Amino acid sequence: MDNIDYGILDMLRQNSRAGYGDIGDRVGLSASAVKRRVDRLVADGVIRAFTIQVDPAVDGMATEAYVELFCRGTVAPEELRRILSQVPEVVDAATVTGSADAVVHIRSRDIPSLEDALERVRIAPSVDHTRSAIVLSRLIHRSYD
């Protein structure tokens, strides 16, 4: 990876449909050289997928919350993954440092469906309690996955 590769990645993050010629103009390479680099980045696993991001409101999933998850005793990350993967409204989750054991990002249609998803998380035997914060407005969103 060099600065040109990082420049290519930055452009593709902004617009995964950017043409090789347009990218080449920005990073100082020909379109064919950019294509070879992108092919190498894909082959090396640096670029894992080309995808789209759909506005969650269009999909009917405009209500979102961040939930701190507190467990009883010590719970392995694999157990948390098993519990949370059974709740389709969970769109992201991570174990964290601090008093909570995990932070969970939930998207749902509305407040009642959010409450239902939270209840499905809370009933797991290893979950002691949760603390939720409902998102009012999204200020910045960058995707680095």
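Heads up: the structure comes first, above all this text.
Cut-off values and rules
Starting from 1, residues in each chain are numbered consecutively following that chain's sequence as written. Under the rules for a predicted model, residues below a pLDDT of 70 receive no local features and side-chain atom pairs below 80 are neither given nor counted, while totals for whole chains, interfaces and linings still include all residues. Hydrogens are left out, water is left out, and the side-chain values use all remaining heavy atoms of the structure. Under the DSSP-based scheme used, a helix requires at least four consecutive residues in state H or I and a strand at least two consecutive residues in state E, with every element numbered from the N terminus. Radius of gyration: over C-alpha atoms. The globule rule applied is 2.2 Å multiplied by the number of residues raised to the 0.38 power. Three labels apply to residues, based on accessible area from a 1.4 Å probe with only protein chains included: buried if under 20% of the type maximum, exposed if over 50%, partly exposed otherwise in between. In what follows, a contact means two residues having at least one pair of non-hydrogen atoms within 4.5 Å. In short, Shrake-Rupley with a 1.4 Å probe defines the accessible areas, and a residue's cover is counted only from the protein chains shown. In this charge count, Lys and Arg are treated as positive and Asp and Glu as negative; neither His nor the chain ends contribute. To locate a charge, take atom NZ for lysine, CZ for arginine, CG for aspartate or CD for glutamate. Throughout this description, the term nonpolar core refers to a set of buried Ala, Val, Leu, Ile, Met, Phe, Trp, Tyr and Cys residues connected via side-chain atoms within 4.5 Å.

1. A short note on the overall build of the protein chain
Each helix and strand in the protein chain was counted, giving 5 helices and 4 strands. A globule of 145 residues ought to have a C-alpha radius of gyration of about 15 Å, yet the protein chain, at 20 Å, is considerably larger. Taking the principal axes of the C-alpha coordinates as reference, the protein chain spans close to 55 × 35 × 25 Å. Within the span of the protein chain, comprising 145 residues, buried residues form 32% of the whole. For the protein chain, the proportion of contacts with a sequence separation of at least 24, taken over those separated by at least 6, is 64%. Accessible area of the protein chain: about 9800 Å², with a carbon and sulfur share of 51%. Of the charged side chains in the protein chain, 18 are positive and 22 negative, and the gap between their average positions amounts to 4 Å.

2. Quick notes on the nonpolar core
V67, L69, L80, L84, V90, V104 and I106 are the most contacted members of the largest nonpolar core, which has 19 residues in total. Beyond its immediate chain neighbours, meaning those up to four positions away, V90 contacts L84, V104, H105 and I106. The next biggest cluster of nonpolar side chains, apart from the first, holds 11 residues, and it includes L9, A18, I23 and I47.

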